[in-house]
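Remarks on the overall topology
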Amino acid sequence: MLLNTSASRIRWSGRPVSGRAVVGGLLLGLGLLGGCGGSASSDEPATENSRPDPAKNAAAAAPAAEAPLRVNVFLELSGGMKGFMPANTAARQPTAFQNRVSALASQTNRSPAIAEARFLLGLKATPLAVSYPQFRNVLQGDTRQAALGTELPTMLENILLAPEADRKVSVVVSDFIYGPEKKEDFALMTTRITDALALVSKKQLAVAVLGETSRFYGNFYPAVKHSPRGLPLDGQALPYYIWLIGPPAAVARYLREVLPAPGPAVQQAYFGLSFPQVPYAAVLTGLPAGSQLAPGGAASVSYTTAQASPELDIEGVKKTAEFTVALNLEQLPTAWQQPALLAQQLQVSLPGGAAPRLVPGSVRTLTAAERAASTALAPYTHVLRLRLNALPKGSSTLSLTLAAPEVPAWVSQWGTQNDNPPGPVPHTFRLTEIMAGLRAAFPAALPPVFTAQLRLSNQD
């Protein structure tokens with residue numbers, strides 16, 4: 001191996017990338033990780049001065065102090081929602097809906113991250129502001145104020161018409177059943193949802209959608225087959241949804257610091273979220289014995305700071321070079337931390353060179369044992385490896401981008417065109433069209449979750 005690890009050649013450096021990128025230096029230490037050549041006997045030991053300090057690197061990537069959040073929590077209080085909030089008795093324990101939304105409201109009310117929390121009930125007219133104790137009483141079964149409900153597009157419009165809605169996080173709790181009074185509006189369902197979310201487009205807001213289920217006790221009102229008395233249910237599972245609408249950084253922070261963590265059964269979809277700073281490190285020393293992250297590949301790689309813009313010098317890349325990156329992705333939604341999704345959505349590009357690629361199976365979550373056994377890996381949650389087979393002559397830039405996922409598959413599984421009473425599989429009437437309207441409120445190409453760039457120098 002011809003990896004140059006002398007202190008004069010290796011130095012840690014990271015700087016933010018403009019726009020929506022993660023951290024400009026994300027891959028700048030990749031030469032420390034995996035570019036190797038020759039036999040094991042040619043390895044040069046890393047000196048103490050050349051070893052990266054993960055704590056310092058993580059600190060350099062830490063975000064600046066954030067302004068306190070301002071939040072509006074909106075609960076649709078229609079006749080069709082009452083069944084999620086039956087009066088609790090000794091014989092009937094709180095529903096999953098009551099437990100989940102009560103915890104959400106409580107943490108929103110007392111979180112030190114929140115400077116202002118308002119609680120509102122969605123009735124037939126304009127949302128009604130109530131105190132936190134009043135909101136809590138409604139969740140516990142005091143639903144006497146329940147109205148017929150407001151059509152879904154109008155409900156969303158009213159929420160986004162609140163003062164400074166573009167600067168707050170709006171938390172919307174509803175079954176999101178769309179039953180327009182004018183039946184011809186069914187044909188415009190997707191467009192009407194998009195129009196209702198006009199502020200999302202104009203102010204480049206983000207939207208998070210969490211889909212959950214709960215037992216339901218009371219009258220279920222179909223969207224089409226209207227029944228004055230509804231259809232009585234006694235504990236069947238029905239879907240409900242929590243939407244978060246607001247500035248991307250504020251929505252991400254609310255998800256991370258305030259909202260009770262979603263369990264594995266919670267469905268998730270996110271639009272417009274991006275993460276400008278993600279802690280990272282290139283790791284060579286301090287690995288556990290037998291670690292899979294040990295350097296590999298046939299090329300010679302060294303890290304130089306001779307120029308103002310640091311580069312990885314690579315020789316013999318036609319013999320393949322591999323790079324490994326450690327990332328801390330705990331800021332990302334849990335659905336976006338899954339290795340399968342990361343492997344599918346991560347894109348690697350190198351203009352003028354042979355297409356680089358992720359090493360199959362290399363994207364994975366670090367185990368607790370791996371992190372505990374290595375101070376170098378302790379601050380990070382994930383690792384991945386990249387492979388290069390060719391480089392353009394001179395200098396070039398490699399980009400690693402996490403493309404934002406589109407509407408997830410669970411939406412079509414939970415959607416239905418059948419307006420009959422619920423069956424054994426939870427479903428929401430025409431959810432696919434509702435989510436298509438939400439997606440259309442964003443640009444045709446969603447902004448990337450993050451982008452990192454590395455300058456490479458071909459020494460051949």
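Here the structure is shown first, and the text comes after it.
Summary of the structure given here. (Residues numbered from 1 in each chain as written. Predicted model: local features only at pLDDT ≥ 70, side-chain atom pairs only at ≥ 80, totals over all residues. Heavy atoms only, no water.)

**Regarding unusual backbone geometry**
- Phi at Phe176 is positive, roughly 50°, even though this residue is not glycine.
- You can see Phe176 is positioned in the loop between strand E4 (169-174) and helix H5 (189-196).
- Here Phe176 falls in the buried class, since its relative accessible area comes to 1%.
- Within the chain, Gln204 stands out as a residue other than glycine whose phi angle is a positive 55°.
- Its location among the elements puts Gln204 in the loop between helix H6 (198-203) and strand E5 (206-220).
- With a relative accessible area of 55%, Gln204 lands in the exposed category. (Helix = DSSP H or I, 4+ residues; strand = E, 2+ residues; numbered from the N terminus. Buried < 20%, exposed > 50% of the residue type's maximum accessible area, 1.4 Å probe, protein only.)

**A word on the pairing of E4**
- In terms of residue burial, E4 counts as a mostly covered element, since six of its six residues are buried.
- The alternating pattern of E4 places Val169, Val171 and Val173 and Ser170, Val172 and Ser174 on opposite faces, both of which are buried.
- As defined by bridge partners, strand E1 (residues 69-76) adjoins E4 across five bridges and the pair is classed as parallel. The residue bridging Asn72 from the neighbouring strand is Ser170, located in E4. (Pairing = 2+ DSSP bridges.)

**Some details on the pairing of strand E11 (residues 321-327)**
- With seven of seven residues buried, E11 lies mostly within the body of the structure.
- Taking every second residue as pointing to the same face, both faces of E11 are buried, with Ala321, Phe323, Val325 and Leu327 on one and Glu322, Thr324 and Ala326 on the other.
- Pairing of E11 with strand E15 (residues 382-388), which is carried by seven bridges, proceeds in the antiparallel orientation. Across the sheet, the residue bridging to Ala326 is Val383, located in E15.

**Some remarks on the pattern of salt bridges**
- Applying the stated criterion to the full structure yields 13 salt bridges.
- The salt bridge partner of Arg192 is Glu151, with a shortest N-O separation of 3.3 Å. One end of the pair, Arg192, is in helix H5; the other, Glu151, is in the loop between helix H3 (132-139) and helix H4 (152-160), with 41 residues separating them in the sequence.
- Relative accessible area serves as the criterion here: at 18%, Glu151 is assigned to the buried category.
- Between Arg430 and Glu433 there is a salt bridge whose closest N-O contact spans 3.2 Å. Glu433 carries the same exposure label as Arg430, and that label is buried.
- Salt bridges here are not isolated pairs; linked through shared partners, they connect Arg70, Glu116, Glu164, Arg167 and Lys168. (Salt bridge = Lys/Arg side-chain N within 4 Å of Asp/Glu carboxyl O.)

**Some points on the packing of aromatic side chains**
- The tally for this structure, following the rule as stated, stands at 14 aromatic pairs.
- Consider the rings of Phe84 and Phe97, whose centres lie 5.1 Å apart with planes at 20°: the pair is stacked. One end of the pair, Phe84, is in the loop between E1 and helix H2 (96-110); the other, Phe97, is in helix H2, with 13 residues separating them in the sequence. Of the two residues, Phe84 and Phe97, neither departs from the other in class, the shared state being buried.
- Ring plane angle 45° and centroid distance 5.1 Å describe the contact between Phe119 and Phe135, whose orientation is recorded as tilted. Taken together, the residues Phe119 in strand E2 (residues 114-122) and Phe135 in helix H3 connect sequence positions 16 residues apart.
- Among the residues examined, Phe119 registers a relative accessible area of 3% and is labelled buried. (Phe/Tyr/Trp six-rings, centres within 6.5 Å; stacked < 30°, edge-to-face > 60°.)

**Observations concerning the packing of H4 against H5**
- The N-to-C vectors of H4 and H5 enclose an angle of 10°; their axes lie 8 Å apart at closest approach. Of the possible angle classes, the one that applies to H4 and H5 is roughly parallel. Counting all contacts with H4, which are made through Leu152, Pro153, Thr154, Leu156, Glu157 and Leu160, the residues of H5 involved are Arg192, Ile193 and Ala196.
- Split by residue class, the contact of H4 with H5 holds six nonpolar, one polar and two charged. (Axes fitted to C-alpha atoms, helices over the stretch in contact; angles between N-to-C directions. Parallel < 35°, antiparallel > 145°, perpendicular 65-115°, else oblique. Contact = heavy atoms within 4.5 Å. Nonpolar A, V, L, I, M, F, W, Y, C, P; charged D, E, K, R; others polar.)

**Overview of the environment of Arg253**
- Here Arg253 lies in helix H7 (residues 248-257).
- The exposure class assigned to Arg253 is buried, which follows from its relative accessible area of 10%.
- Counting along the chain gives 78 residues from Arg253 to Gln331, while the straight-line C-alpha distance between them is 8.2 Å.
- In this view, Arg253 contacts Glu66, Ala67, Pro68, Leu69, Ala113 and Val258; residues no more than four positions away in its chain are not counted.
- A polar atom in the side chain of Arg253 sits 2.7 Å from the backbone oxygen of Ala67. (Polar contact = N/O pair within 3.5 Å; in protein donor to acceptor, adjacent residues only side chain to side chain.)

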